[in-house]
Amino acid sequence: MFVLELTYTAPLDAVDAVLEEHVVWLDEQYRQGVFLASGRKNPRDGGVIIAVAGDRARIEEITAQDPFVVAGVCAYRVTEFTATKTAPALESYRETL
């Protein structure tokens, strides 16, 4: 499991200019079962995504395709973790050490 932290590297008007494309990209990742949750940070200086994938290389490949990255308006910080406890709704993602 991965926590993806987005930090905007451009003014909000530049971010908003590609927001619609970013949302389409998000929807596709949800459709493929990669993203579990996402949203804006408060204050609005980026966002957070909870994701699942086979490995970090796959996550880095996916984030490189984000229209925000392609447009140069955000940078990602990827944190991998082992989800040893989950809410019942996320039980299928629970891992053992």
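Residues numbered from 1 in each chain as written. Predicted model: local features only at pLDDT ≥ 70, side-chain atom pairs only at ≥ 80, totals over all residues. Heavy atoms only, no water.

The name given to the protein in an unreviewed UniProt entry is YciI family protein, with the source organism recorded as Streptomyces indiaensis. Quoted verbatim from the Sequence similarities (unreviewed entry) field of the UniProt record, the comment on the protein reads "Belongs to the YciI family." (UniProt positions renumbered as here; feature names shortened; annotations may be inferred.)

Caption draft 1: Inspection of the UniProt feature "domain: YCII-related" (unreviewed entry) in the protein at higher detail. The positions UniProt marks with the feature "domain: YCII-related" (unreviewed entry) are residues 1-82. Taken end to end, residues 1-82 is 39% helix and 32% strand, and its first and last C-alpha atoms sit 6 Å apart. (Helix = DSSP H or I, 4+ residues; strand = E, 2+ residues; numbered from the N terminus.)

Caption draft 2: Inspection of the pattern of salt bridges at higher detail. Evaluation of the coordinates by the stated rule reveals 7 salt bridges. Linking Arg77 and Glu5 is a salt bridge whose minimum nitrogen-to-oxygen distance equals 3.7 Å. Of this pair, Arg77 sits in strand S4 (residues 74-80) while Glu5 is found in strand S1 (residues 2-8), placing the two residues 72 residues apart along the sequence. Here Lys41 makes a salt bridge to Asp45, at a shortest N to O gap of 3.7 Å. When its relative accessible area of 37% is taken as the criterion, Asp45 is described as partly exposed. Several salt bridges share partner residues, and in doing so they unite Glu5, Lys41, Asp45 and Arg77 into one network. (Salt bridge = Lys/Arg side-chain N within 4 Å of Asp/Glu carboxyl O. Buried < 20%, exposed > 50% of the residue type's maximum accessible area, 1.4 Å probe, protein only.)

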